Amino acid sequence: MNKFKLLLLAAFISISSVALAQKIGYISVDQVIAIMPEVNDIQSKLEKYRKDTINTEFASLIEQYQYKDSMLTKTDTTKMPAALRKQYRNDLEEIAYQVQNWQALAEQAIQQKQNQLLIPLYRKVMEAVQAVAKEKGYTYVYDKSVLLIGPNGDDLLPAVAQRLKLTVPKDMQIGLQ
């Protein structure tokens, strides 16, 4: 029984020392992304996408609606085949639905485009975070947004920014010391 207690105590001490040796850090990936110069280019591309694609699609949708509506209201529909008249009415309902929900559809399309454009930046940041964590011996690195309390000394933002050759703005440096 004493040998079992001694073995259990030894196991507990070794597990405790391993747990204490783990180094934990955190970073705000979104803050790193925000200070990357590529973000300005992405914003420009999104604005161009909004103007050239989203607004153009909306104008086309309105034109389609007006054309189909005029075919049903300004022409003699009695001479139009019933199947075509039904098709135009169905098309009008579908287009009207799209117009009514355009804001949500447009925001969804813009969000997808933004995600597509940001993927390479997130990859670049994650590679830098992994390299810094390995280099500095961190066992775990959490995103700062999920931590309520964390030690200031373990914020990896300065090291990751340095690795990516980025300058951390003064307002983001508060609390990094």
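Only a predicted model underlies this, so the values are computations on that prediction, with no experimental measurement involved.

Colleague: Account for the packing of helix α3 (residues 38-73) against helix α4 (residues 82-100), with residues named and values stated.
Modeller: Where α3 meets α4, the axes come as close as 9 Å, and the angle between the chain directions of the two elements is 145 degrees. Crossing hand, α3 versus α4: left-handed. Each of Phe58, Leu61, Ile62, Gln64, Tyr65, Tyr67, Lys68, Asp69, Met71 and Leu72 in α3 lies in contact with α4, whose residues at this interface are Arg85, Tyr88, Arg89, Asp91, Leu92, Ile95, Ala96, Gln98 and Val99. Among the residues forming the contact of α3 with α4, the class breakdown is 12 nonpolar, 2 polar and 5 charged.

Colleague: Pulling in residues and values, what's your account of α4?
Modeller: In this model α4 runs 27 Å from its N-terminal to its C-terminal C-alpha over 19 residues, within 8% of the 27 Å that 1.5 Å per residue would give. Tucked inside the fold, the buried residues of α4 contact α3.

Colleague: Quick rundown of the packing of aromatic side chains? Include the residues and the values.
Modeller: Under the criterion given, the structure shown has 2 aromatic pairs. Look at Phe58 and Trp102: their rings are 5.4 Å apart centre to centre, the planes differ by 40 degrees, and that puts the pair in the tilted class. Residue Phe58 is located in helix α3, and its partner Trp102 is located in helix α5 (residues 102-136); the two are separated by 44 residues in the primary sequence. According to the relative accessible area criterion, Phe58 is partly exposed, its value standing at 29%. With centroids separated by 6.4 Å and ring planes inclined at 15 degrees, the aromatic side chains of Tyr140 and Tyr142 adopt a geometry described as stacked. Classification of Tyr140 as partly exposed rests on a relative accessible area of 38%. Taking the relative accessible area as the measure of exposure, Tyr142 reaches 35% and is therefore partly exposed. The residue whose ring lies beneath Lys23 is Tyr138, and the NZ or CZ to ring-centre distance is 4.7 Å.

Colleague: Could you give me a rundown of the side chain of Arg85, with the residues and numbers involved?
Modeller: Residue placement: Arg85 occurs in helix α4. There is a polar contact of 3.0 Å between the side chain of Arg85 and the backbone oxygen of Met80. Those residues in contact with Arg85 that sit more than four places away from it in its chain are Leu72, Thr77, Thr78 and Met80.

Colleague: Give a detailed account of the pattern of salt bridges, specifying residues and quantitative values.
Modeller: Summed over all chains, the structure comprises 7 salt bridges. The shortest N-O distance in the salt bridge between Arg50 and Glu107 comes to 3.8 Å. Placement of Arg50 in helix α3 and of Glu107 in helix α5 is noted, with a sequence separation of 57 residues between them. When its relative accessible area of 31% is taken as the criterion, Arg50 is described as partly exposed. One salt bridge connects Lys144 with Asp155, and the closest N-O pair in it is separated by 3.4 Å.

What counts, and where the lines are drawn
Residues numbered from 1 in each chain as written. Predicted model: local features only at pLDDT ≥ 70, side-chain atom pairs only at ≥ 80, totals over all residues. Heavy atoms only, no water. Axes fitted to C-alpha atoms, helices over the stretch in contact; angles between N-to-C directions. Helix = DSSP H or I, 4+ residues; strand = E, 2+ residues; numbered from the N terminus. Left-handed = near helix turned anticlockwise from the far one by under 90°. Contact = heavy atoms within 4.5 Å. Nonpolar A, V, L, I, M, F, W, Y, C, P; charged D, E, K, R; others polar. Expected span 1.5 Å × (residues − 1). Phe/Tyr/Trp six-rings, centres within 6.5 Å; stacked < 30°, edge-to-face > 60°. Buried < 20%, exposed > 50% of the residue type's maximum accessible area, 1.4 Å probe, protein only. Lys NZ or Arg CZ within 6 Å of the ring centre and 35° of its normal. Polar contact = N/O pair within 3.5 Å; in protein donor to acceptor, adjacent residues only side chain to side chain. Salt bridge = Lys/Arg side-chain N within 4 Å of Asp/Glu carboxyl O.

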